[in-house]
Amino acid sequence: MTAILPDIVDEAGRLLDAAGRDGATLALLGGIAVRLNASVIPPPLDREYKDIDFAVPKGGGNAAAKLLSACGYQPAVEFNALQGRERLLFHDPAHDRQVDVFVGSFRMCHEIPFADRLEPGRPTVQLAELVLTKLQIVELNEKDVRDTALLFYGHEVSDRDGDTINGKRIAELCSSDWGLWRTITANLERCRDHLGDYALSEAETALISDRLTQLLAQIEAEPKSRGWKLRARVGERKRWYELPDEVA
């Protein structure tokens, strides 16, 4: 194996190549995944990346751990022993970087399932899951707004996967989980409200805003489950999200 690369985007590619050679299913999440799906990046939406995030299917944690160790990463032994069925953590001390591996689903403020949605050979999770994992954070931060804007700048909203954001997938998940609906819709609106923070052209801003609005409308139009309706009666009187532990 070659040494860990100083450029984090190149390094993510090295790890994907290694997984491909080993026949392991490994798909990027997070900001680097957003970047890899962007054919054009408007300068106001460009940013630097600090960490690498991966998704693996259920039961794929051991293969990912062996791969990352072979590629020069140090495991967080105690964390991995306690959390390894759902999440693994590795460090690159030389570049002060962290690699997160989410197993079967992405669980932070909300759980985003992807176990049956990972496509062999695809370097990232599907765009719908990228949107969901970016917007499931209750206290949305600036980098997630920027990444979301870039996703909607480069991709239409439709009812299919591939090179479009699968709005039907997002709407279906939100229609059965009031808490997820509450967070995702609030953050879509927040992203739309903050588009003016970036030096985008009027046309770029309008394009992103229209696509965010389209997804919001699709989520609202999706028939809601009985469980969703029962939880909606309680509303915000009861906390609707988890408080994920901070990982040093």
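Residues numbered from 1 in each chain as written. Predicted model: local features only at pLDDT ≥ 70, side-chain atom pairs only at ≥ 80, totals over all residues. Heavy atoms only, no water.

Draft legend 1. Just the overall build of the protein chain, in detail. Looking only at helices and strands, the protein chain has ten helices and nine strands in total. In terms of C-alpha radius of gyration, the protein chain reaches 18 Å, essentially the compact-globule figure of 18 Å for 248 residues. Judged by the C-alpha coordinates and their principal axes, the protein chain covers about 50 × 40 × 30 Å. Looking at the protein chain alone, contacts between residues at least 24 apart form 68% of all its contacts between residues at least 6 apart. With the model as given, the accessible surface of the protein chain reaches about 12200 Å², and the carbon-plus-sulfur share is 49%. The averaged location of the 40 negative side-chain charges in the protein chain is 7 Å from the averaged location of its 31 positive side-chain charges. (Helix = DSSP H or I, 4+ residues; strand = E, 2+ residues; numbered from the N terminus. Rg over C-alpha atoms; globule rule 2.2 N^0.38 Å. Contact = heavy atoms within 4.5 Å. Areas by Shrake-Rupley, 256 points an atom, 1.4 Å probe, with all protein chains shown as cover. Lys, Arg positive; Asp, Glu negative; His and termini not counted. Charge placed at Lys NZ, Arg CZ, Asp CG, Glu CD.)

Draft legend 2. Spotlight on the sheet that holds strand β5 (residues 97–103). With respect to topology, five strands assemble into an open sheet ordered β1-β2-β5-β4-β3, the strand pairing being mixed. Two strands close off the open sheet at either side, each with one partner strand: β1 (27–29) and β3 (74–75). Examined bridge by bridge, strand β4 (residues 87–92) and β5 share six bridges and lie antiparallel to one another. Opposite Leu-89, over in β5, you have Asp-100 as the bridge partner. Contacting β1, β2 (52–56) and β5, helix α1 (residues 8–22) runs over the sheet at an angle of about 25° to β2. (Pairing = 2+ DSSP bridges. Axes fitted to C-alpha atoms, helices over the stretch in contact; angles between N-to-C directions.)

Draft legend 3. Expanded view of the pattern of salt bridges. This model, assessed by the stated rule, comprises 16 salt bridges. Asp-100 is the salt-bridge partner of Arg-87, the closest N and O atoms lying 2.8 Å from each other. One end of the pair, Arg-87, is in strand β4; the other, Asp-100, is in strand β5, with 13 residues separating them in the sequence. No difference in accessibility class separates Arg-87 from Asp-100, as the two residues are buried. The closest approach of N and O atoms between Arg-117 and Glu-129, which form a salt bridge, is 2.9 Å. Taken as a pair, Arg-117 in the loop between β7 (111–113) and α5 (127–135) and Glu-129 in helix α5 lie far apart in primary sequence, twelve residues in all. Residue Arg-117 shares its accessibility class with Glu-129, and that shared class is buried. (Salt bridge = Lys/Arg side-chain N within 4 Å of Asp/Glu carboxyl O. Buried < 20%, exposed > 50% of the residue type's maximum accessible area, 1.4 Å probe, protein only.)

Draft legend 4. The packing of aromatic side chains, seen in detail. The tally for this structure, following the rule as stated, stands at five aromatic pairs. Between the aromatic rings of Trp-181 and Trp-228, the centroid separation amounts to 5.2 Å while the plane-to-plane angle is 80°, which identifies the pairing as edge-to-face. Separated by 47 residues along the polypeptide, Trp-181 in helix α8 (residues 178–193) and Trp-228 in helix α10 (residues 226–234) bring together distant segments of the chain. Taking the relative accessible area as the measure of exposure, Trp-181 reaches 15% and is therefore buried. Exposure remark for Trp-228: the relative accessible area of 12% places this residue in the buried category. Every member of this aromatic cluster is reached through a ring pair, and the members are Trp-178, Trp-181, Trp-228, Trp-240 and Tyr-241. Seen from the ring of Trp-228, Lys-224 lies directly overhead, with NZ or CZ sitting 5.5 Å from the centre. Over the ring of Tyr-241 we find Arg-239; its NZ or CZ atom is 5.9 Å from the centre of that ring. (Phe/Tyr/Trp six-rings, centres within 6.5 Å; stacked < 30°, edge-to-face > 60°. Lys NZ or Arg CZ within 6 Å of the ring centre and 35° of its normal.)

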